[in-house]
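Inside the fold
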Amino acid sequence: MAAETPPDAAPKTAPRDVEIQSQIGQRQNWDNHRAFLLTCIGYAVGLGNVWRFPYLAYENGGAAFLFPYICCNILFGMPLLYMEFSLGQYIQTCPSVNFYKMKPILQGVGWAMAAISFLIGGYYIMIVAWIGRYLAALYRIDDWTTCKGAGKYKDICYSVADTANADPPCSKGQNYYHGNCTVFGDDERRVALTASQIFLKYEVQLRTDSFTDLGEFSYENAASLFVMWLIVGIVLYKGIESIGWAAHVTATLPYFIIGVLFLRGVTLEGAGKGIQFYLLQPRMEYIANPQTWKAALAQACYSLSVGMGGLQSMASYNDRRHNALRDAAFVAGADIFMSIFGGVAVYSVLGHLATIKNQDVDAVVESGVTLAFVTYPEAISTMPGATIWAGLFFLMLFLLGIIYMETVATTIQDQWPVMKKHRTPMLVAICICGWLSGLIMCFGAGVHWLEVWDTYTGMALTFICFSEIVGVSYLYGWQNFRHDLESMFGQPSGTLGKYFGQTGYYFFMDWLAIAPVMGLLMIIFSFTGDFDNPIILAKAAEKERLFGSQAESETDIWAKRGFGIAMAILVVCWIPLVGVCNIIRKSQSGDIGDAFRPQENHPSYKRLVKEAEAGLETSSFFDNMFNVGFGRADASTPDATNTTSTPESASSMSAVV
């Protein structure tokens, strides 16, 4: 069992308020720092780094995309990650309770995080279910890399592997099709599909051409999805103890596998062609395109998993003296490295595929799930030992996609502590709900639903991150938060620490100005489409050709937008809804101002009361503007400084949901 933090453990640095010494309740702590760090890396570095980042880079300027992506990580992602780590380990509960204790009007931010985690985890686990189908079909890899398993679609099937093994050999630029080596004309290009495309479309996805045409239900996908949710439930069963154990595998093995794939990829013929396309042929005009920065910021949030509450929940099991900045920098660095290094591994193989087909690299690059499930397997099929390489690739994707639901579980049991005694049925209920919600993606239209899910959850995630930064910096107050950090980490020492340390100027300047402005601009850009991005338009047309699909109807387009916007609103509406409900509830209890003040069970409560009594109150801008600053009601209470409470006993914990 994980160790408990001694309640009287003194911090190494001089605390600003002595109340920091008392821990909240009896909460598990990580057994060691390594388990926490590996869990955070496993949570942050995921599927988005391997299958989402490479195609985003292609659609947004290739190597030029690296500049806005790294800038967004440094200026937005990493500072927000440090904020989440600090909030979690200072208040030591889940995000919804953390924000309630800071100020009840902010509690909706925590519930929005739980909602977005459930949605993102839901469609990521659907992708993992597809991965499970591929892992189960490894023993018959020829069926999805050659035309042997094409069945009734054999007349429209061709494959790189069949072309490479043709007798007599085909010339470069030719494809082995209908028993002959031929150069495709326009008619063949309209109907011919590779073996990998046929396997994905007609066996795994049962794909329809329309978002509104549900099509056939895949019982195999439903069964695979059930197994994946079962694995998630088992991993979460014992809380951070089992998660920390699992992280030793999920956070380290993918790096090993991608390293092996990299070494194999760079030795292939044409690998340099792909790497050059990825890193050395930037289309610099994309840097001035707002949509490129929107994609970079959304990817930074996705790949670092900020705004989802999971990392804040993980940090809540840390000792308050833990070096949160060091971990934030390490996780952000690991994330950037995995995105760039994983892209090199992928594009080296794509360069090999382009060489075999005698095409340019951009002609073989696909987007979304197509890159991971069609193009990459097609390239792997040409390698000796294709089964081994395919198995390693899909095993890596599987490991990167299974930890997403701890935020939801922690939110529920911290909001209602009695649920800690019923963790097993709670996890069963979460997994069943997740499985049921994913069944819509087991229909033939499921891939269209997944693409909408992916696009519009990114919009909602950006809004949540913006709300979190503004809520902490302006509503709670940056001075209050600075004092909280000083109570954990002490005063900055040295010139470097003064500017870039745990309580240095850089982070407060970023939280007050840089990150909020970036977030606001990206939200504005989210309301504009990608119609000015010619690459995206070209790839949309290419996707129609690849899958033999018809162009989307106007009805489908508006149905997808309507569903996506409704889903995004369903997530972000928690922020104002819960805040308003808490204002109403506080007004009914006779003190509406309490909704705008830190609560009695906040670790800084006593310090703030003392500062208010001494006339040294550090109010936020919002407090001063509306005259509801902390202490105006509480400072007059004689026993305010002696008030203590725990999450289990405080009446304020029965917040509106």
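All values reported here derive from a predicted model rather than from experimental measurement.

Focus on the overall build of the chain
Helix and strand counts for the chain come out as 28 helices and 4 strands. Classification of the 657 residues of the chain by burial places 61% in the buried group. In the chain, the share of contacts with a sequence separation of at least 24, taken over all contacts with a separation of at least 6, comes to 81%. Of the roughly 24700 Å² of accessible surface on the chain, a fraction of 63% belongs to carbon and sulfur atoms.

A word on helix 1 (residues 33-44)
For helix 1, built from 12 residues, the straight-helix expectation of 16 Å at 1.5 Å per residue is met to within 8% by its first-to-last C-alpha distance of 16 Å. The element helix 1 is largely enclosed, with a buried count of 10 among its 12 residues. Along helix 1, the positions that sit buried rather than exposed are Ala35, Phe36, Leu37, Leu38, Thr39, Cys40, Ile41, Gly42, Tyr43 and Ala44.

Observations concerning the UniProt feature "binding site: Na(+) 2" (unreviewed entry) in the chain
Look at the UniProt record and you will see "binding site: Na(+) 2" (unreviewed entry) annotated at Ala44 and Asn49. In this structure, alanine 44 sits in helix 1. Those residues in contact with alanine 44 that lie beyond four places of it in its chain are Asn49, Tyr302, Ser303, Leu304, Ser305, Val331 and Asp335. Within the secondary structure, asparagine 49 sits in helix 2 (residues 47-59). When sequence neighbours within four positions are dropped, the list of residues in contact with asparagine 49 reads Ala44, Pro54, Tyr69, Gln299, Ser303, Asp335, Met338 and Ser339.

Section: the state of the cysteines
In the structure shown here, the tally under the stated rule is 1 disulfide. Between the sulfur atoms of cysteine 147 and its disulfide partner cysteine 157 the distance amounts to 2.1 Å. Because the torsion about its S-S bond is -90°, the bridge between cysteine 147 and cysteine 157 counts as left-handed. With a gap of 10 residues between them, cysteine 147 in the loop between helix 6 (142-145) and strand 1 (157-158) and cysteine 157 in strand 1 connect regions that are remote in the sequence. Each member of the pair, cysteine 147 as well as cysteine 157, carries the same accessibility label: buried. Between cysteine 72, a free cysteine, and cysteine 71, which holds the nearest cysteine sulfur, the sulfur-to-sulfur gap is 6.9 Å. Judged by its relative accessible area of 1%, cysteine 72 is buried.

Quick word on the pattern of salt bridges
On inspection of all chains with the given rule, the structure shows 7 salt bridges. Between aspartate 319 and arginine 321 there is a salt bridge, with its nearest N and O atoms 2.8 Å apart. A relative accessible area of 34% means that arginine 321 is categorised as partly exposed. Here aspartate 591 and arginine 597 are joined by a salt bridge, their closest N and O atoms 2.5 Å apart. Residue aspartate 591 is classed as partly exposed on the basis of its relative accessible area of 28%.

Points about the packing of helix 10 (residues 219-236) against helix 20 (residues 423-438)
Interhelical geometry of helix 10 versus helix 20 gives an angle of 155° and a closest axis separation of 10 Å. The angle between the axes of helix 10 and helix 20 places the two elements in the roughly antiparallel class. Judged by the twist between their axes, the crossing of helix 10 over helix 20 is right-handed. On helix 20, the residues that touch Ala222, Leu225, Phe226, Trp229, Gly233 and Leu236 of helix 10 are Arg423, Leu427, Ile430, Cys431, Gly434, Trp435 and Gly438. Split by residue class, the contact of helix 10 with helix 20 holds 9 nonpolar, 3 polar and 1 charged.

Some words on the packing of aromatic side chains
Under the defined criterion, the tally for this structure stands at 31 aromatic pairs. Judged by centre distance (5.4 Å) and plane angle (75°), the rings of tyrosine 499 and tyrosine 505 are edge-to-face. Judged by its relative accessible area of 41%, tyrosine 499 falls in the partly exposed class. With relative accessibility at 47%, the residue tyrosine 505 sits in the partly exposed group. Here the aromatic residues Tyr82, Trp478, Phe481, Phe500, Tyr506, Phe507, Phe508 and Trp511 are joined through ring pairs into a cluster of three or more.

Let's talk about helix 26 (residues 574-588)
Its 15 residues place the ends of helix 26 21 Å apart at the C-alpha level, agreeing with the 21 Å of an ideal helix rising 1.5 Å per residue. Three or more residues of helix 26 are buried, namely Ile575, Val578, Gly579, Asn582 and Lys586. Taken around the axis of helix 26, the buried residues stretch over an arc of 100°, which confines them to a single face. Packing partners of the buried residues in helix 26 comprise helix 4 (95-102), helix 5 (107-136), helix 21 (446-489) and helix 25 (554-572). Looking one or two places after helix 26, you find glycine 590, whose phi comes out positive at around 100°.

Focus: the packing of helix 25 against helix 26
The N-to-C vectors of helix 25 and helix 26 enclose an angle of 35°; their axes lie 5 Å apart at closest approach. Where helix 25 approaches helix 26, its residues Leu570, Val571 and Val572 are matched on the opposing element by Trp574, Ile575 and Pro576. Within the contact of helix 25 with helix 26, the residues separate by chemical class into 6 nonpolar, no polar and no charged.

A closer look at the environment of methionine 459
Turning to its location among the elements, methionine 459 is positioned in helix 21. Separated by 66 residues in the primary sequence, methionine 459 and phenylalanine 525 place their C-alpha atoms 9.7 Å from one another.

Some details on the confidence of the model for the chain
For the chain, the average pLDDT comes to 77, and 77% of its residues sit at 70 or higher. The low-confidence segment residues 1-26, where pLDDT is below 50, has 63 contacts with residues more than four positions distant or belonging to other chains. Confidence drops under a pLDDT of 50 for residues 545-549, and excluding neighbours within four residues, the segment shows 17 contacts in the predicted structure.

Some points on the nonpolar core
Core analysis: the biggest nonpolar cluster contains 152 residues, and Phe76, Tyr82, Phe85, Tyr123, Trp144, Phe373 and Phe481 have the highest contact counts within it. Dropping the residues within four chain positions of it, tryptophan 144 is found in contact with Tyr134, Ala137, Leu138, Ala195, Ser196, Phe199, Pro377, Ala390 and Phe394.

Structural notes on unusual backbone geometry
The backbone of glutamine 92 sits at a positive phi, close to 65°, despite the residue not being glycine. One non-glycine residue, serine 305, adopts positive backbone phi at about 60°. Within the element layout of this structure, serine 305 appears in the loop between helix 14 (290-304) and helix 15 (310-315). A relative accessible area of 0% places serine 305 in the buried class.

Some details on a nonpolar patch on the surface
A cluster of nonpolar residues, Phe226, Val227, Leu230 and Ile234, forms a patch on the protein surface that exposes about 380 Å² of accessible area. By the secondary structure assignment, leucine 230 is in helix 10.

A look at the environment of alanine 559
Here alanine 559 shows up in helix 25. Owing to a relative accessible area of 24%, alanine 559 belongs among the partly exposed residues under this scheme. On a C-alpha basis, the gap between alanine 559 and phenylalanine 211 in space is 7.7 Å, while along the polypeptide they are 348 residues apart. Residues in contact with alanine 559, not counting those within four places in the same chain, are Phe211 and Thr212.

Reading the values: the criteria
- Residues numbered from 1 in each chain as written.
- Predicted model: local features only at pLDDT ≥ 70, side-chain atom pairs only at ≥ 80, totals over all residues.
- Heavy atoms only, no water.
- Helix = DSSP H or I, 4+ residues; strand = E, 2+ residues; numbered from the N terminus.
- Buried < 20%, exposed > 50% of the residue type's maximum accessible area, 1.4 Å probe, protein only.
- Contact = heavy atoms within 4.5 Å.
- Areas by Shrake-Rupley, 256 points an atom, 1.4 Å probe, with all protein chains shown as cover.
- Expected span 1.5 Å × (residues − 1).
- UniProt positions renumbered as here; feature names shortened; annotations may be inferred.
- Disulfide = S-S within 2.5 Å.
- Salt bridge = Lys/Arg side-chain N within 4 Å of Asp/Glu carboxyl O.
- Axes fitted to C-alpha atoms, helices over the stretch in contact; angles between N-to-C directions.
- Parallel < 35°, antiparallel > 145°, perpendicular 65-115°, else oblique.
- Left-handed = near helix turned anticlockwise from the far one by under 90°.
- Nonpolar A, V, L, I, M, F, W, Y, C, P; charged D, E, K, R; others polar.
- Phe/Tyr/Trp six-rings, centres within 6.5 Å; stacked < 30°, edge-to-face > 60°.
- Arc of directions from axis to C-beta.
- pLDDT = per-residue confidence, 0-100.
- Core = buried A, V, L, I, M, F, W, Y, C linked by side-chain atoms within 4.5 Å.
- Patch = residues over 30% accessible without salt bridge, like charges linked within 9 Å, V, L, I, M, F, W, Y side chains within 5 Å.

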